[in-house]
Amino acid sequence: MSKRLSTTEDLPGDVAVPGYRPQDHGTGIVHLGLGAFARAHLAAITDAALASGGGDWRILGVSLRSARPADELTPQNGLYTLIERDGHGARARIIGALSGAICSADDSDPALEAMVDPSCRIVTLTVTEKAYGLDRATRGCDPAHPAVAADLVNPDRPHGVLGLLVRALGMRKDRGLPPFTVLCCDNLPENGPLLRGAVLDFAGRVSPDLAQWIAAEAAFPATMVDRITPAPTDETRVEAERLTGCTDLAAIETEAFLQWVIEDNFPLGRPAWEAGGALFVADVAPYEEMKLRMLNGSHSLLAYAGFHAGKRYVRDVMADPALAALVRRHLDAAAGTLPSLPGIDLADYAEALVARFSNPAIAHETFQIAMDGSEKMPQRIFAAVPQARSKGADIRSFAFATAAWLRHASGAMHDCEPYALRDPRAEALTAAFRDKSAEAIIAAVPVLGIATPDLIEDAAFWQVVQSILAEMLSHPMHEVIEREAAASPSS
Ligand code: CS2
């Protein structure tokens, strides 16, 4: 076995190394949620910012549940290989932006201390949609969410996202320190304001004074993040070893493309992220909507339809002409619901997405994207329907995506291998969809509280969903897909 990656010395000449001495830079960011995405996106962009603008902006990574990232990264001094894959091959880059990695599952004190340290000026988050405990209807926190409920009972010893943020902010207030900037990097609509609302609601239940201080002093900039990052596998580690000559248990692979649009509101400063490709704008919302509806919306559609048609990877979906036609139809339909965005041609954006989804070098599993549908469908698919209606546009592609999700979420499995539904509401979905007729499934949707009242009232939409779902429940998915594509001349 080759030596473990733990220094940037003696690496092959074609491996890119940090353009700065990592140990010369202190920590300025605490990151919650140390998964593959943050390592492929935030840390890579911060690495470029450190090389270009310097500063004490390295990142202490905190994983909230699994000790694995810390176990893998600590012996490597926080270093890991980022494999960037495009049509021309794979390029290895060693990222030096992580100053350390810890896990807060059993003991949240080290994470809290790091967030309260005066050097911490930004807390970034990629914890996935379901971990926050947001109530999208009230735009506050969801007191029934398990982590929120536990932390409200025991706010001094928090383990959930909102509990940690509020406790750390409270400790800073008590110590006379300004609040850190809170930067949500998850695929949520208006992610900054949404998280701000949940934090203020949670804080208000613990201490109204603290809530007032946070409201007056803390910034929650909105962001749109984008980089397709499959979960790493043993092959990722084998490839990292081939490229670097080192054993790297924390290696990640991703596409070459990346995008980060950020609202420039950082009262305590920020790294020179523009050096790594970030775009600072006054209003992130239109970029966020574009990405959620077009990239993530068609991702969800192709994940449900593709998985049930036996396609393991996104690239296999795109190699199937009928499925690829439905993805293109969806990109058109989603673009039709969006306002125009200066400097962005939505048709070009759609073409670029088709190329990215088709990237033969990226093994992105449809089952991975299919996870947590109840948290993803509202902003990716449902929100587009009323806007399509208001523009007199066709809603069929949104209905098709909804039917494919319902087929998946209901666990109706006439033509596929058994799978375990991965969704925070799996139990509620399984109970609501016990009767597996299309009619009963549609009738159960309102009780789930996932779709907004205006969408629930759109009876014509649900009729279309029901008729497509009935087909999906009685015919092999690939036949339904082929018929749908053949009947869509615009695709
Ligand atoms: C995907 C996203 O898993 C999913 O739901 O749609 O993770 C997607 O790959 C990223 O948002 C791309 O930036």
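Predicted, not measured: the structure shown is a model, and the values here were computed from it.

**Some remarks on helix 6 (residues 161–174)**
With 14 residues, helix 6 should cover 20 Å at 1.5 Å per step; its first-to-last C-alpha distance of 20 Å lies within 8% of that length. For helix 6, a buried count of 11 out of 14 residues is recorded, marking the element as mostly surrounded by other parts of the structure. All of the buried residues in helix 6 are Val161, Leu162, Gly163, Leu164, Leu165, Val166, Ala168, Leu169, Gly170, Met171 and Arg172. Taken from the residues just after helix 6, Gly176 is the one with a positive phi, measuring 75°.

**Some words on helix 4 (residues 109–116)**
Among the residues of helix 4, Ala111, Leu112, Ala114, Met115 and Val116 are the ones counted as buried. For helix 4, the elements touching its buried residues are strand 1 (27–32), strand 2 (58–63), strand 5 (98–103), strand 6 (122–125) and helix 6.

**Some points on the confidence of the model for the chain**
When pLDDT is averaged across the chain, the result is 96; 99% of the residues are at 70 or more. Ranking the elements of the chain by mean pLDDT puts helix 20 (residues 453–456) last, at 95, and strand 6 first, at 99.

**Considering the domain arrangement of the chain**
Many authors give the size of an interface as the accessible area that is lost as the parts come together. Taken domain by domain, the chain holds domain 1 (22–281) and domain 2 (285–487). In this structure, domain 1 and domain 2 have C-alpha centres spaced 28 Å apart. Tallying the contact residues gives 28 residues for domain 1 and 24 residues for domain 2. For the pairing of domain 1 and domain 2, the buried interface totals around 2,100 Å² over both sides, and the portion due to carbon and sulfur atoms is 55%. There are 5 salt bridges connecting domain 1 and domain 2. Our enumeration of links across domain 1 and domain 2 arrives at 12 residue pairs in polar contact (both at pLDDT 80 or more). Sorting the residues of the side of domain 1 that touches domain 2 by element identifies strand 3 (80–86), strand 10 (223–226), strand 11 (252–255), strand 12 (259–263) and strand 13 (278–281) as the ones contributing at least two each.

**Regarding the sheet that holds strand 10**
Pairing is mixed in the open sheet, where 3 strands are placed in the order 10-12-13. Every other strand in the sheet has two partners, leaving strand 10 and strand 13 as the edge strands with one partner each. Direction aside, neighbouring strands of the sheet carry axes that sit 20° apart on average. The sheet contacts of helix 10 (residues 285–308) involve strand 10, strand 12 and strand 13, and relative to strand 10 the element is tilted by about 35°.

**With respect to the packing of aromatic side chains**
Tallied over the full model, the rule gives 8 aromatic pairs. Each ring, one from Phe307 and one from Tyr419, has its centre 5.5 Å from the other, and the planes form 85°; the classification is edge-to-face. On the criterion of sequence distance, the pair formed by Phe307 in helix 10 and Tyr419 in the loop between helix 17 (396–409) and helix 18 (426–432) is long-range, its members being 112 residues apart. What makes Tyr419 buried here is its relative accessible area of 14%.

**Considering the pairing of strand 12**
Counted residue by residue, strand 12 has 4 buried out of 5 residues, so it is predominantly covered. As judged from the 4 bridges shared by strand 10 and strand 12, these two strands associate in the antiparallel manner. Looking across to strand 12, one finds that Asp226 is bridged to Gln259.

**Digging into the nonpolar core**
Among the nonpolar cores identified, the biggest contains 78 residues, and Met294 and Leu406 are the most heavily contacted of them. Top contributing element to this core by residue count: helix 12 (residues 321–335), with 10 residues. Looking at which domains feed residues into this core, each of domain 1 (22–281) and domain 2 (285–487) supplies at least three. Residues within four places of Leu406 in sequence aside, it is in contact with Phe433, Ile441, Ile442, Val445, Trp462, Val465 and Leu469.

**Looking at unusual backbone geometry**
A positive phi is found at Asn77, a non-glycine position, where the angle reads about 55°. Looking at where Asn77 falls in the secondary structure, it is placed in the loop between helix 3 (68–73) and strand 3. Relative accessible area serves as the criterion here: at 49%, Asn77 is assigned to the partly exposed category. The phi angle at Asp372 is positive, at roughly 60°, despite the residue not being glycine. Take Asp372: it is sitting in the loop between helix 14 (366–370) and helix 15 (373–382).

**Remarks on the pattern of salt bridges**
Considering all chains together, one arrives at 31 salt bridges under this definition. Ionic pairing is found between Glu129 and Arg380, a salt bridge with its closest N-O pair at 3.9 Å. Residue Glu129 is located in the loop between strand 6 and strand 7 (134–135), and its partner Arg380 is located in helix 15; the two are separated by 251 residues in the primary sequence. As far as the burial class goes, Glu129 and Arg380 line up, both buried. Of the charged contacts, one joins Asp320 and Lys311 as a salt bridge, the two residues approaching to 3.4 Å between their closest N and O atoms. By relative accessible area, Asp320 is classed as buried at 17%.

**Overview of the side chain of Asp458**
Inspection of the secondary structure assignment puts Asp458 in the loop between helix 20 and helix 21 (459–474). Once you skip the residues sitting within four places of it in the chain, Asp458 turns out to touch Val385 and Arg389.

**Remarks on the packing of helix 12 against helix 13 (residues 346–358)**
For the pair helix 12 and helix 13, the least separation of the axes is 10 Å and the interaxial angle reads 150°. Considering their axes alone, helix 12 and helix 13 lie roughly antiparallel with respect to each other. Read as a crossing pair, helix 12 and helix 13 show a hand that is right-handed. Residue-level inspection shows Val327, Arg328, Leu331 and Ala335 of helix 12 in contact with helix 13, the latter providing Leu346, Ala350, Glu351, Leu353, Val354 and Phe357. Of the residues assigned to the contact of helix 12 with helix 13, the class counts are 8 nonpolar, no polar and 2 charged.

Criteria and thresholds
- Residues numbered from 1 in each chain as written.
- Predicted model: local features only at pLDDT ≥ 70, side-chain atom pairs only at ≥ 80, totals over all residues.
- Heavy atoms only, no water.
- Helix = DSSP H or I, 4+ residues; strand = E, 2+ residues; numbered from the N terminus.
- Expected span 1.5 Å × (residues − 1).
- Buried < 20%, exposed > 50% of the residue type's maximum accessible area, 1.4 Å probe, protein only.
- Contact = heavy atoms within 4.5 Å.
- pLDDT = per-residue confidence, 0-100.
- Domains from an automatic or database assignment.
- Buried area = accessible area lost by both parts, 1.4 Å probe.
- Salt bridge = Lys/Arg side-chain N within 4 Å of Asp/Glu carboxyl O.
- Polar contact = N/O pair within 3.5 Å; in protein donor to acceptor, adjacent residues only side chain to side chain.
- Pairing = 2+ DSSP bridges.
- Axes fitted to C-alpha atoms, helices over the stretch in contact; angles between N-to-C directions.
- Phe/Tyr/Trp six-rings, centres within 6.5 Å; stacked < 30°, edge-to-face > 60°.
- Core = buried A, V, L, I, M, F, W, Y, C linked by side-chain atoms within 4.5 Å.
- Parallel < 35°, antiparallel > 145°, perpendicular 65-115°, else oblique.
- Left-handed = near helix turned anticlockwise from the far one by under 90°.
- Nonpolar A, V, L, I, M, F, W, Y, C, P; charged D, E, K, R; others polar.

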